[in-house]
Every structure is written in C-alpha cells, then in structure tokens.
Amino acid sequence: MKLYVTRHGETPMNAAHRVCGLTNIDLTEKGIAQAKEAGRSLQDKGIKRIIASPLLRAQHTAKLIADEIGIDTIETEQRLIEQNYGIYENTDWDGEAFAVRYPGGESMLDLAGRLYPLLNKLKAENGPTTLLVCHGGICRMIRTYFLDVKNTDYAAFKLPNCGIMEFDL
C-alpha cells in the first residue's frame, strides 16, 4: 500500500515563525494556494482515502486537496493532531528547540506512542492508497517509522507546508 503524508498549508503563525502546536487556526491565502497545488500534484497518484488531523488548518488543506483529486469524504483522526508543545505554544520557533519532553506538553515517546499504532493499523488493513494530512511535528515522527533517523536528523527535518512524503506501507 502506498502512503502519502503532507503537512498543512501555511498559517499566519507559520509565516511569523511561531509554534502553532494545538492552536486551531486557518490557512493564509498562500496556504490555500499551496494546498491546491499539492492536490494537483497528487492527482495521478491513485489516492482513494484521505485521513486528516481534526485541527482547522489540516481539515481545510485536506478539503482543498480532496477537491483537486476528486475525493468526497475526509476521515478525521485524532492521533494526527499536532504535538502539544506545552509552554512553547505560540512562541518564536528557532528551529533548535527540540526537547525530550516539552513542559506541559508531549514527549517524543508520547508522540510515537500515538502515531505508531495508527501506522500499524493502516499497514494491517492494507487498504487503498492513502493520504495523511497533518502537521510538521507529526510528519517528523511519521518519518521515523519508515527510516533510520539519527537524533540530529530528526531535529533538522522540516517538511515544508504542503510538502509531500511517499512511503510503502
């Protein structure tokens, strides 16, 4: 089974280099354009299922992509919600602020603990080609399910808004 993973389109907080985390905000005009372009780039990939985070920015991105590739239904999956960055929510993001546990938030193990079972379930189902629409922190952790990622690589990886990863599940 092919699995595609994308990050939502740009938000005002992304544009300002601030940590979005669980803040429930929508896309900018640039983010809307990014989502439409991502949808166009996915038209020939055979995607039959879209599963998205419940946060507005991911839902809006999923809807725009679905419109481009002709899918009527978007499934919502709570486990795809962005990482809880605790006290770092809505702060300036310097790209170096990785921690084992964010005070008041989730640890990397918490994140893997909710994402890996979802990926295992999708693998066991061996269903149709699927697109996950989620968030930067989630994309970073999903990547570790498929690749041998060193700590420095984990911290350095940042999927751009509406960037797309492809995996065999």
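Quick look at the structure, then.

Here is what the cut-offs are and how they apply
Residues numbered from 1 in each chain as written. Predicted model: local features only at pLDDT ≥ 70, side-chain atom pairs only at ≥ 80, totals over all residues. Heavy atoms only, no water. Helix = DSSP H or I, 4+ residues; strand = E, 2+ residues; numbered from the N terminus. Rg over C-alpha atoms; globule rule 2.2 N^0.38 Å. Buried < 20%, exposed > 50% of the residue type's maximum accessible area, 1.4 Å probe, protein only. Contact = heavy atoms within 4.5 Å. Areas by Shrake-Rupley, 256 points an atom, 1.4 Å probe, with all protein chains shown as cover. Lys, Arg positive; Asp, Glu negative; His and termini not counted. Charge placed at Lys NZ, Arg CZ, Asp CG, Glu CD.

Attention now goes to the overall build of the protein. Within the protein, the secondary structure is distributed over six helices and five strands. For the protein, the N- to C-terminal ordering of α and β elements is β-α-α-β-α-β-α-β-α-α-β. In terms of overall dimensions, the protein is globule-like: its C-alpha atoms have a radius of gyration of 15 Å, near the 15 Å expected for 169 residues. Considered along the principal axes of its C-alpha atoms, the protein spans approximately 40 × 35 × 25 Å. Within the span of the protein, comprising 169 residues, buried residues form 50% of the whole. Taking the contacts inside the protein whose residues are at least 6 apart along the sequence as the reference set, 73% of them involve residues at least 24 apart. For the protein, the accessible surface area stands at approximately 8000 Å², while carbon and sulfur atoms represent 51% of it. A distance of 2 Å separates the average location of the 20 positive side-chain charges in the protein from that of its 22 negative side-chain charges.

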